[in-house]
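Topology and contacts: notes
Residue strings, one per chain:
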Amino acid sequence: MHTDSWAIKAKKLGLRSRAVFKLEEILTKTKALKSNGLVLDIGSAPGGWSQLIKTLEPKSDVYAVDLLPMDPIKGVYFFQEDITNIDVIKEISLLKTKFDLVISDLAPNLTGISAVDEENIFELNSITLKTAVNYLNKSYGKFILKTFQNSLFKKIRLEMEKSFNIVQTYKPAASKSKSGEIYLYGERPL
Ligand SMILES: C[S@@+](CC[C@H](N)C(=O)[O-])C[C@H]1O[C@@H](n2cnc3c(N)ncnc32)[C@H](O)[C@@H]1O
């Protein structure tokens, strides 16, 4: 499908973003979403991924965090906060080591200077990875992380390998090939 067709399809289905199709493909391939699961959505606004989780598994509990505001979604507990401060959110902090799935579609603001952007992406990915490891259930937790194919990609994949028993890379069909975005999947935190 042409990449813009995904945006049209999202609009037709009443979904908040075309990003849902990327997550849907990864969830189908990894079987990472279970019923009655506890899910943490990092960088959640405008809410497409949270909306998809609640649609696929209505009994799941979703906690969502973003710097920007997000319109309410039934059954999603949203907190407007920087991910670096996630521990100050009492409701989420109480759930450390309890989450079944952590999903992150975080992206920093780009400066256009590739060396700076690559460092910013790596730093944000590293913070997110640490957060996922702290909040996931140690026996069967699963993590989906958006990152970018750049000179630091191998480094962040290596960090994932140090943190999870199983690590896989995904490039979903709905992801624009030019965008360079790519997804890392981790299962069972070490
Ligand atoms: C691509 S969007 C997420 C789209 C979302 N998954 C969806 O389907 O609707 C990336 C989000 O990351 C958020 N973000 C970037 N840096 C952040 C940070 N340090 N803490 C929290 N959110 C951040 C942005 O505000 C933005 O809403």
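Everything in this summary refers to the structure shown in the same document.

**Observations regarding the sheet that holds strand β4 (residues 101-104)**
In spatial order, the strands read β3-β2-β1-β4-β5-β7-β6; together these 7 strands make up an open sheet with mixed pairing. If you trace the sheet from one side to the other, it starts and ends with β3 (76-80) and β6 (164-170), each paired once. Direction aside, neighbouring strands of the sheet carry axes that sit 15° apart on average. As paired strands, strand β1 (residues 38-42) and strand β2 (residues 61-66) are joined by 5 bridges and run parallel to one another. Across the sheet, residue Asp 41 finds its bridge partner in β2, namely Ala 64. Docked against the sheet, helix α2 (residues 19-30) engages β4, β5 (142-148), β6 and β7 (181-189), running at close to 35° with respect to β7. Helix α5 (residues 114-135) contacts β1, β4, β5 and β7 of the sheet and is inclined by roughly 180° relative to β5.

**Quick look at the packing of α2 against helix α3 (residues 48-56)**
When two helices pack together, you describe them by how their axes are tilted relative to each other and by the distance separating the axes. At a minimum axis distance of 8 Å, the contact between α2 and α3 shows a crossing angle of 45°. The angle between α2 and α3 falls in the class oblique. The way α2 lies across α3 gives a crossing that is right-handed. Here α2 contributes Ala 19, Val 20, Leu 23 and Glu 24 to the contact with α3, which in turn contributes Gly 48, Trp 49, Gln 51 and Leu 52.

**Examining α3**
Since the α-helix packs 3.6 residues into each turn, any two residues three or four apart lie on the same face. Gly 48, Trp 49, Ser 50, Gln 51, Leu 52 and Ile 53 are the residues of α3 that are buried. Tucked into the core, α3 has its buried residues touching α2, β1, β2, β3 and β4.

What counts and how
Residues numbered from 1 in each chain as written. Predicted model: local features only at pLDDT ≥ 70, side-chain atom pairs only at ≥ 80, totals over all residues. Pairing = 2+ DSSP bridges. Helix = DSSP H or I, 4+ residues; strand = E, 2+ residues; numbered from the N terminus. Axes fitted to C-alpha atoms, helices over the stretch in contact; angles between N-to-C directions. Contact = placed C-beta atoms within 7 Å. Parallel < 35°, antiparallel > 145°, perpendicular 65-115°, else oblique. Left-handed = near helix turned anticlockwise from the far one by under 90°. Buried ≥ 20, exposed ≤ 12 C-beta atoms within 10 Å, placed from the backbone.

Nothing here speaks to function; it is geometry throughout.
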